[in-house]
Amino acid sequence: MNHHFFAYLYRLKYIDRWSLMWNTRRENVAEHSFYVASIAHMLCTISNEVYGGNVPTDRVVSIALFHDASEVLTGDIPQPVKHNNEQILRNFREIEDVAVERLIGTIPPALSSIYRGLIQDPDPELYRWVKAADLIEAYIKCLTELSTGNREFVVAKQQVLESLKKMNMPEVDYFLEHMSASFEKTLDEITLDIADPK
């Protein structure tokens, strides 16, 4: 019997994000997942190395890699639609649950329990790091769009920044302070910074 899990995952590259907004460059769910996993790794590393934490980085990164996997079946539902009212959000959560079950059903039975723990209801304490990384990735998207002069992302940037502040995570603040400004620079400006560090 063929198990189609990875064939589904490879189709995440066909699902665009930010579909209600004009983008200077489209972003798909596959690349978003990679960036969220990379940012989650950095946040956990900041926690462990700067603040003396003990976050299981590998586990968090694994959860981050698969955090939007069900969107291969549901598509990416824009936030203004999903959070328009409680009934829509409730209905979407039910659809998402069905999609997750269907996706897990495409994994060989000997492996499905491993992936279920990553895709369906992961540990809330660990998922907090993924949520923070997901928001930072959205914030970076806003910065890069705004840096091209696309004002479509002005309000989104402010909303995402407010959500990040509400997380009350020093690791998030550290990332924003030390890394986010680079996304407002051109390649030449970044290169000059590296050549002439101050």
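Residues numbered from 1 in each chain as written. Predicted model: local features only at pLDDT ≥ 70, side-chain atom pairs only at ≥ 80, totals over all residues. Heavy atoms only, no water.

## What about the overall build of the chain?
Working step 1: Counting secondary structure elements, the chain contains 11 helices and 0 strands.
Working step 2: Its helices and strands in sequence order give the chain the pattern α-α-α-α-α-α-α-α-α-α-α, from N to C terminus.
Working step 3: For 198 residues, the compact-globule estimate of 2.2 N^0.38 gives 16 Å, and the C-alpha radius of gyration of the chain, at 18 Å, lies within 12% of that figure.
Working step 4: Overall size of the chain, expressed as C-alpha extent along the three principal axes, is 60 × 40 × 35 Å.
Working step 5: Out of the 198 residues in the chain, the part that is buried amounts to 41%. (Helix = DSSP H or I, 4+ residues; strand = E, 2+ residues; numbered from the N terminus. Rg over C-alpha atoms; globule rule 2.2 N^0.38 Å. Buried < 20%, exposed > 50% of the residue type's maximum accessible area, 1.4 Å probe, protein only.)

## A few points about helix α6 (residues 86-104)
Working step 1: With 19 residues, α6 extends 27 Å between its outermost C-alpha atoms, agreeing within 8% with the 27 Å of an ideal straight helix rising 1.5 Å per residue.
Working step 2: Taken together, the buried positions of α6 are occupied by L89, F92, A99, V100, L103 and I104. The arc that holds every buried residue of α6, seen down its axis, measures 120°, which confines them to one face. Opposite the buried face of α6, at more than 90 degrees from it, the exposed residues are V98 and R102. (Expected span 1.5 Å × (residues − 1). Arc of directions from axis to C-beta.)

## Points about the packing of α6 against helix α7 (residues 109-119)
Working step 1: Contact pair α6 / α7: the axes reach a minimum separation of 10 Å and the direction vectors enclose 155°. Judged on the interaxial angle alone, α7 and α6 are roughly antiparallel. Regarding α6 and α7, the two cross each other, and that crossing is right-handed. Residues V100, E101, L103 and I104 of α6 pack against S112, R116 and I119 of α7.
Working step 2: Counted by class, the contact of α6 with α7 contains 4 nonpolar, 1 polar and 2 charged residues. (Axes fitted to C-alpha atoms, helices over the stretch in contact; angles between N-to-C directions. Parallel < 35°, antiparallel > 145°, perpendicular 65-115°, else oblique. Left-handed = near helix turned anticlockwise from the far one by under 90°. Contact = heavy atoms within 4.5 Å. Nonpolar A, V, L, I, M, F, W, Y, C, P; charged D, E, K, R; others polar.)

## Here's the deal with the packing of aromatic side chains
Working step 1: Using the criterion set out here, one finds 7 aromatic pairs in the structure.
Working step 2: Ring centres of F66 and Y115 lie 5.5 Å apart, and the angle between their planes is 85°; on these two criteria the pair is classed as edge-to-face. Note that F66 is positioned in the loop between α3 (57-65) and α4 (71-74) and Y115 in helix α7, a separation of 49 residues in sequence.
Working step 3: Members of the aromatic cluster, each reached through a chain of ring pairs, are F5, F6, F66 and Y115.
Working step 4: Over the ring of W129 we find R128, and its NZ or CZ is 5.1 Å from the ring centre. (Phe/Tyr/Trp six-rings, centres within 6.5 Å; stacked < 30°, edge-to-face > 60°. Lys NZ or Arg CZ within 6 Å of the ring centre and 35° of its normal.)

## A few points about the pattern of salt bridges
Working step 1: Within the structure shown, the criterion is met by 6 salt bridges.
Working step 2: Among the salt bridges present, the one from R25 reaches E31, with a minimum N-O distance of 3.2 Å.
Working step 3: What makes E31 buried here is its relative accessible area of 17%.
Working step 4: Note that R116 and E101 form a salt bridge whose closest N and O atoms lie 2.9 Å from each other. With R116 in helix α7 and E101 in helix α6, this pair connects stretches of sequence that are 15 residues apart.
Working step 5: Owing to a relative accessible area of 37%, E101 belongs among the partly exposed residues under this scheme. (Salt bridge = Lys/Arg side-chain N within 4 Å of Asp/Glu carboxyl O.)

## Overview of the nonpolar core
Working step 1: In this structure, L43, V60, I136, L164 and V172 are the most contacted members of the largest nonpolar core, which totals 51 residues.
Working step 2: The set of elements that each furnish at least two residues to this core consists of α1 (5-9), α2 (29-50), α3, α6, α7, α8 (124-147), α9 (154-166) and α10 (170-178).
Working step 3: Counting residues per element, this core draws most heavily on α8, at 12 residues.
Working step 4: The residues touching L43, leaving out its near neighbours within four places in the chain, are W129, A132, A133, I136, E171, V172 and F175. (Core = buried A, V, L, I, M, F, W, Y, C linked by side-chain atoms within 4.5 Å.)

## Quick notes on the packing of α2 against α8
Working step 1: α8 packs onto α2 with a crossing angle of 120° between their chain directions and a minimal axis gap of 8 Å. The pairing of α2 with α8 is recorded here as oblique in orientation. For the pair α2 and α8, the sense of crossing is right-handed. For the pair formed by α2 and α8, the contact residues are H32, Y35, V36, I39, A40, L43, C44 and S47 on the first element and W129, V130, A132, A133, D134, I136, E137 and I140 on the second.
Working step 2: Residue composition of the contact of α2 with α8, by class: 12 nonpolar, 2 polar and 2 charged.

## Points about the environment of A133
Working step 1: Note that A133 resides in helix α8.
Working step 2: Measuring from C-alpha to C-alpha, the distance between A133 and A37 comes to 7.5 Å, with 96 residues separating the pair along the chain.
Working step 3: Apart from residues no more than four positions distant in its own chain, A133 is found in contact with V36, I39, A40 and L43.

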